[in-house]
Amino acid sequence: MEETSYNSGKLSDASPVGSISSAEIANEFSGLSAEEQTAQREEWSQELARVEEEITTLRTVLQSKMRHASELKRKLGITVWKEITDDVSQGFKNVKESNVYQKTESALKTTAGKTTSVIGGIAGKMTQKLTEMKQSDSFRSFEERVGSAYENVRSKVSSRSSSVQSLSDIQNDERRSSVTTPTAIPEEKPIP
């Protein structure tokens, strides 16, 4: 019988669960006598029954603990939404504290600073060029031509609008004179 317990220890302790192949088990099991195979099967059945009973007990205890934890959370006002929010907040905090985030944030700040300085430089140069262009003789000549063209158009529009206005006044006067005043309607007298 000692050989059986040696073999059972050898089968169950030889390597992690799932790494023993069926062929290895069959080879070791076939090396046992019929009596030893029966005893081995009986031992495994008893061990399986004990493990299943422990699993059932652990499930019962776990369910009891989970109910108790839920009741405590309810009493404390901790909801599922609050737990999710707390988990997300903790996740963001962990991300912000990570080295990768810190390095990325630093790189973005540096890039933003450089971009701002480049844009500022470009804007400054554009302002300087526009100022130089406004001070040039060709721009002043162009500006004078546009200004005189604008004045010509404005004077023509204003003279036309005054003539249109006077035409409109004439038409209004004609309408007023053609409208007759209503004649008075005699009141009806009651029949005696």
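Predicted, not measured: the structure shown is a model, and the values here were computed from it.

A. Molecular detail of the overall build of the chain. Across its full length, the chain holds 6 helices and 0 strands. Helices (α) and strands (β) of the chain occur, in sequence order from the N terminus, as α-α-α-α-α-α. Considering the chain as a whole, with its 192 residues, one finds that 5% of them fall into the buried category. Only carbon and sulfur atoms are counted for the fraction: they give 59% of the accessible area of the chain, which is about 17,200 Å².

B. Spatial organisation of the pattern of salt bridges. Tallied over the entire structure, the rule returns 4 salt bridges. Linking Asp-86 and Lys-82 is a salt bridge whose minimum nitrogen-to-oxygen distance equals 3.4 Å. Note that Asp-86 and Lys-82 are positioned in helix α4 (residues 80-97) at a spacing of 4 residues, about one turn of the helix. Assessed through its relative accessible area of 40%, Asp-86 is described here as partly exposed.

C. Broad picture of the confidence of the model for the chain. On average, residues of the chain carry a pLDDT of 78, and 72% of them reach 70 or more. Across the chain, helix α3 (residues 34-76) holds the top mean pLDDT of 93, while helix α1 (residues 2-13) sits lowest at 44. Segment residues 1-16 is flagged for pLDDT under 50; beyond a separation of four residues in sequence, or across chains, it makes 16 contacts in the model.

D. Here's a closer look at a nonpolar patch on the surface. On the surface, a cluster of nonpolar side chains totalling about 580 Å² of accessible area is made up of Val-80, Trp-81, Ile-84, Val-88 and Phe-92. Summarising the element assignment, Val-80 is placed in helix α4. When its relative accessible area of 58% is taken as the criterion, Val-80 is described as exposed.

E. Region of the structure containing the packing of α4 against helix α5 (residues 99-134). At a minimum axis separation of 5 Å, α4 and α5 run at an interaxial angle of 65°. When α4 is examined against α5, the residues Val-95, Lys-96 and Glu-97 are found in contact with a partner set consisting of Asn-99, Tyr-101 and Gln-102. Tallied by class, the residues present in the contact of α4 with α5 amount to 2 nonpolar, 2 polar and 2 charged.

F. Representation of α3 in the model. Over its 43 residues, α3 runs 62 Å from end to end, which matches the ideal 63 Å to within 8%, given 1.5 Å per residue. If you check which residues of α3 are buried, you get Glu-36, Gln-37 and Gln-40. One or two steps after α3, the chain reaches Gly-77, where phi turns positive at roughly 80°.

G. Quick look at the side chain of Glu-36. Within the secondary structure layout, Glu-36 lies in helix α3. One buried charged residue, Glu-36, remains without a salt bridge, the closest side chain of opposite sign being Arg-41 at 11 Å. Among the polar contacts listed, one links the side chain of Glu-36 to the backbone nitrogen of Ser-33, at a separation of 3.0 Å.

Rules and cut-offs
- Residues numbered from 1 in each chain as written.
- Predicted model: local features only at pLDDT ≥ 70, side-chain atom pairs only at ≥ 80, totals over all residues.
- Heavy atoms only, no water.
- Helix = DSSP H or I, 4+ residues; strand = E, 2+ residues; numbered from the N terminus.
- Buried < 20%, exposed > 50% of the residue type's maximum accessible area, 1.4 Å probe, protein only.
- Areas by Shrake-Rupley, 256 points an atom, 1.4 Å probe, with all protein chains shown as cover.
- Salt bridge = Lys/Arg side-chain N within 4 Å of Asp/Glu carboxyl O.
- pLDDT = per-residue confidence, 0-100.
- Contact = heavy atoms within 4.5 Å.
- Patch = residues over 30% accessible without salt bridge, like charges linked within 9 Å, V, L, I, M, F, W, Y side chains within 5 Å.
- Axes fitted to C-alpha atoms, helices over the stretch in contact; angles between N-to-C directions.
- Nonpolar A, V, L, I, M, F, W, Y, C, P; charged D, E, K, R; others polar.
- Expected span 1.5 Å × (residues − 1).
- Lys, Arg positive; Asp, Glu negative; His and termini not counted.
- Polar contact = N/O pair within 3.5 Å; in protein donor to acceptor, adjacent residues only side chain to side chain.

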